[in-house]
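Chain by chain, the residues:
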Amino acid sequence: MNVHADLTPDHKVIAEKRGALVEFGGVTKSYGPVTALRPTSLRIEAGEFFAIIGPSGSGKSTLLGITAGFIVPSAGMIRIDGADIVAVPPYSRNFGMVFQNYALFPHMTVAENIGFPLRMRGVAKTEKAERVARALAMVRLEGLGDRRPSELSGGQQQRVALARAAVYDPLLLLMDEPLGALDKNLREEMQEEIKKFQKALGVTVIYVTHDQQEAAAMADRLAIMRNGRLEQIGSPRQLYERPQNIFVAGFLGEASILPVSKATPLAGGFAVAELAGGGSVEAVASTGVGEALCIRPECIVVGPEAEHTDNVFAAQVEEAVYANGSVRYRLRLDGSGHVVNARFSTRPDLVLMQPGQRTKVGWARRDGLLIEGRPET
Ligand SMILES: Nc1ncnc2c1ncn2[C@@H]1O[C@H](COP(=O)(O)OP(=O)(O)OP(=O)(O)O)[C@@H](O)[C@H]1O
Ligand SMILES: [Mg+2]
């Protein structure tokens, strides 16, 4: 039986892949005694938007540079649609690239810049003009083809770089901090544009950024790097709601991390955890029975309603910060003295608590996670 027989023509179009499947197997990079990338194996699906985040020096650019071919790995293989490309020189890999410092050619017009990769590939003049026009339209810069890069804004220049990277329909687009030089509003606008553009092209994207919010907003999946290692990989929601350790929990968004001295498993994937310094809570034993308890600020209930949660504490408000319709409280728990942070939306009629005020704090046991890592106390 033909398994595709019941697919409508529309489904067939969706099932047809355009981007490249990228597979890394044991890829490593050392510079003498410095290990920039530890053995890394990873599969990025065709058409996927894959983001890599992590602190400075964690190996993000190294992984991207190895993929681009600028950096020769010390060991390992990279397969694109099943074919190993480690021995293929960078200019023959046919990947689109947008790097923060991968500047436009200042002496060329916008159209010449975008057409440059086509010229290098010997594309005929009329076809070149057509494809450049299409690329200009895609990044909404129609009519600006005759300008020089110096006559464009930062965001417009970045769009030209994007058009130049995409003009020859690459299967894989590599971006390293492409929006790093732009201000916040422009960054957010460009994030949306890059995302739209990637969907329209169906291209696979590997996107490196410092900015965890940017990564979470754009990526299908993201990886968090630390010390040359992919610490955890998952959807933005998986990583936020189910971090495996305190590094991931702290890197992505805000979290209260409390030290746990002892934990005993319960039925149903839960555990009872004794907090260092006193008090006990029930929590999700997500990665076995870890040494730290992680609670996201939006999961913490403050005030009389806290009495109805699974883990209730008396506490004192230490700090209340209002910003743009939401309030953040820093609360010190009685007994153990641990601090938790709560955040929620406010309305104009809501009376906020003040520092020094006594209150109740609590959270549901499904909202506390026992994770790995020893928090500072
Ligand atoms: N050519 C080199 N020689 C020696 N060490 C290097 C070289 N290039 C990178 N490194 C080291 O490898 C590690 C990873 O560097 P990499 O550039 O991949 O970090 P990154 O995550 O991109 O950081 P950033 O966010 O600052 O761009 C760092 O410790 C860096 O100092
Ligand atoms: Mg870098």
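Preceding this paragraph is the structure being described.
One structure accompanies this document, and this report is about it. (Residues numbered from 1 in each chain as written. Chains lettered and ligands numbered in written order. Predicted model: local features only at pLDDT ≥ 70, side-chain atom pairs only at ≥ 80, totals over all residues. Heavy atoms only, no water.)

With respect to the site of ligand 1
If you check the shell around ligand 1, you find Tyr31, Ala36, Pro55, Ser56, Gly57, Ser58, Gly59, Lys60, Ser61, Thr62 and His210 and nothing else. At 3.2 Å from an oxygen atom of ligand 1 is found a main-chain nitrogen or oxygen belonging to Ser58. Residue His210 places a side-chain N or O atom 3.2 Å away from an oxygen atom belonging to ligand 1. Here ligand 1 has 640 Å² of accessible area as a free molecule, and 59% of this is covered by the chains. Of all the elements, helix α2 (residues 60-68) adds the most residues to the shell around ligand 1, at three residues. Its residues placed into classes, the shell around ligand 1 shows three nonpolar, seven polar and one charged. (Near = heavy atom within 4 Å. Polar contact = N/O pair within 3.5 Å; in protein donor to acceptor, adjacent residues only side chain to side chain. Areas by Shrake-Rupley, 256 points an atom, 1.4 Å probe, with all protein chains shown as cover. Helix = DSSP H or I, 4+ residues; strand = E, 2+ residues; numbered from the N terminus. Nonpolar A, V, L, I, M, F, W, Y, C, P; charged D, E, K, R; others polar.)

Some details on the pattern of salt bridges
Following the criterion strictly, the structure yields 26 salt bridges and no others. Here Arg131 makes a salt bridge to Glu127, at a shortest N to O gap of 3.0 Å. Residue Arg131 and its partner Glu127 are both found in helix α4 (residues 125-138); the two are separated by four residues, about one turn of the helix. Looking at Glu127, the relative accessible area reads 37%, which means it is partly exposed. Salt-bridge contacts for Arg328 lead to Glu254; the nearest nitrogen and oxygen are separated by 3.2 Å. Placement of the pair is Arg328 in strand β17 (residues 326-333) and Glu254 in the loop between α9 (246-251) and β11 (256-265), with a sequence separation of 74 residues. By sharing partners, the salt bridges in this structure join Glu254, Glu298, Glu319, Arg328 and Arg343 into a single network. (Salt bridge = Lys/Arg side-chain N within 4 Å of Asp/Glu carboxyl O. Buried < 20%, exposed > 50% of the residue type's maximum accessible area, 1.4 Å probe, protein only.)

A short note on the packing of helix α5 (residues 154-166) against helix α6 (residues 184-201)
Remark: α5 packs on α6, axes separated minimally by 11 Å, with the N-to-C direction vectors making an angle of 20°. Taken together, the axis directions place α5 and α6 in an arrangement best described as roughly parallel. Classified by chirality, the crossing of α6 by α5 is right-handed. Two secondary-structure elements touch here, α5 through Gly154, Gly155, Gln158, Arg159, Leu162 and Ala166 and α6 through Leu186, Glu189, Met190, Glu193, Ile194, Phe197 and Leu201. Grouping the constituent residues of the contact of α5 with α6 by class yields seven nonpolar, three polar and three charged. (Axes fitted to C-alpha atoms, helices over the stretch in contact; angles between N-to-C directions. Parallel < 35°, antiparallel > 145°, perpendicular 65-115°, else oblique. Left-handed = near helix turned anticlockwise from the far one by under 90°. Contact = heavy atoms within 4.5 Å.)

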